[in-house]
Amino acid sequence: MFTKLKKFYYTKILGRKYYRVGNCKGCGRCCRQIYVKHAKGVIQNEEDFEKLKHQHRFYTYLKVMGKDEIGLIFECQNLDSETHLCKIHKTRPGICRRYPQEEIFTMGGVLSQDCGYSLVPIETFEEVFAKVEKNSKKKTIWDKLFNRESK
Ligand code: SF4
Ligand code: SF4
């Protein structure tokens, strides 16, 4: 029952496709290679990034480290270079607390290989397949009812 409720909450209320499972190992990798996404997509230039700095304190922590085919790459200045831990752990922004979220996939990003977290699909392949099959049957019935050609 709890599993069903959890699944309903994640998929229907939050619109999620993945569960986050695991724990942070404190390697600091995700604070070292950060892409930033805004309304127009992944940030490509410093001019656009400067505008974002006024919107949330998280952006003021970031420093440009380079650029690749995805966009600008940032590193967070709150990362302790010796311990690899966050210097403001207790007051870190929500975006850091919720990391990793499935949005990283839509930005072309991936989880670091050694990350203690993983993102697991909420629905199994069989469940997705059954849903597609059911919708296709429904469509055929509607097409027959309204004499439409089934595609
Ligand atoms: S604030 Fe802390 S947890 Fe967030 S990106 Fe910076 S170092 Fe990482
Ligand atoms: S990459 Fe994963 S394990 Fe490493 S600090 Fe980030 S969340 Fe934690």
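Each remark here, short or long, concerns the structure printed above.
Residues numbered from 1 in each chain as written. Chains lettered and ligands numbered in written order. Predicted model: local features only at pLDDT ≥ 70, side-chain atom pairs only at ≥ 80, totals over all residues. Heavy atoms only, no water.

1. Here's the deal with the packing of aromatic side chains
So, step 1. Counting across every chain of the model gives six aromatic pairs.
So, step 2. Each ring, one from Tyr-10 and one from Tyr-19, has its centre 5.1 Å from the other, and the planes form 75°; the classification is edge-to-face.
So, step 3. Stacked on the ring of Tyr-19, the Lys or Arg Lys-6 has its end atom at 4.5 Å from the ring centre. (Phe/Tyr/Trp six-rings, centres within 6.5 Å; stacked < 30°, edge-to-face > 60°. Lys NZ or Arg CZ within 6 Å of the ring centre and 35° of its normal.)

2. Here we look at the pairing of strand β4 (residues 62-67)
So, step 1. With five bridges joining them, β4 and strand β5 (residues 72-76) adopt antiparallel strand pairing. In the sheet register, Lys-67 faces β5, and the bridge partner there is Leu-72.
So, step 2. A loop of four residues connects β4 with β5, the two strands running antiparallel in sequence. (Pairing = 2+ DSSP bridges. Helix = DSSP H or I, 4+ residues; strand = E, 2+ residues; numbered from the N terminus.)

3. Points about the pattern of salt bridges
So, step 1. Tallied over the entire structure, the rule returns seven salt bridges.
So, step 2. Across the pair Arg-16 and Glu-103 runs a salt bridge, and its minimum N-O distance is 3.2 Å. Of the two residues, Arg-16 sits in the loop between α1 (2-13) and β1 (18-22) while Glu-103 sits in helix α5 (residues 103-106), which places them 87 residues apart along the sequence.
So, step 3. Here Glu-103 falls in the partly exposed class, since its relative accessible area comes to 34%.
So, step 4. Salt-bridge contacts for Lys-53 lead to Glu-50; the nearest nitrogen and oxygen are separated by 3.3 Å.
So, step 5. Among the residues examined, Glu-50 registers a relative accessible area of 39% and is labelled partly exposed. (Salt bridge = Lys/Arg side-chain N within 4 Å of Asp/Glu carboxyl O. Buried < 20%, exposed > 50% of the residue type's maximum accessible area, 1.4 Å probe, protein only.)

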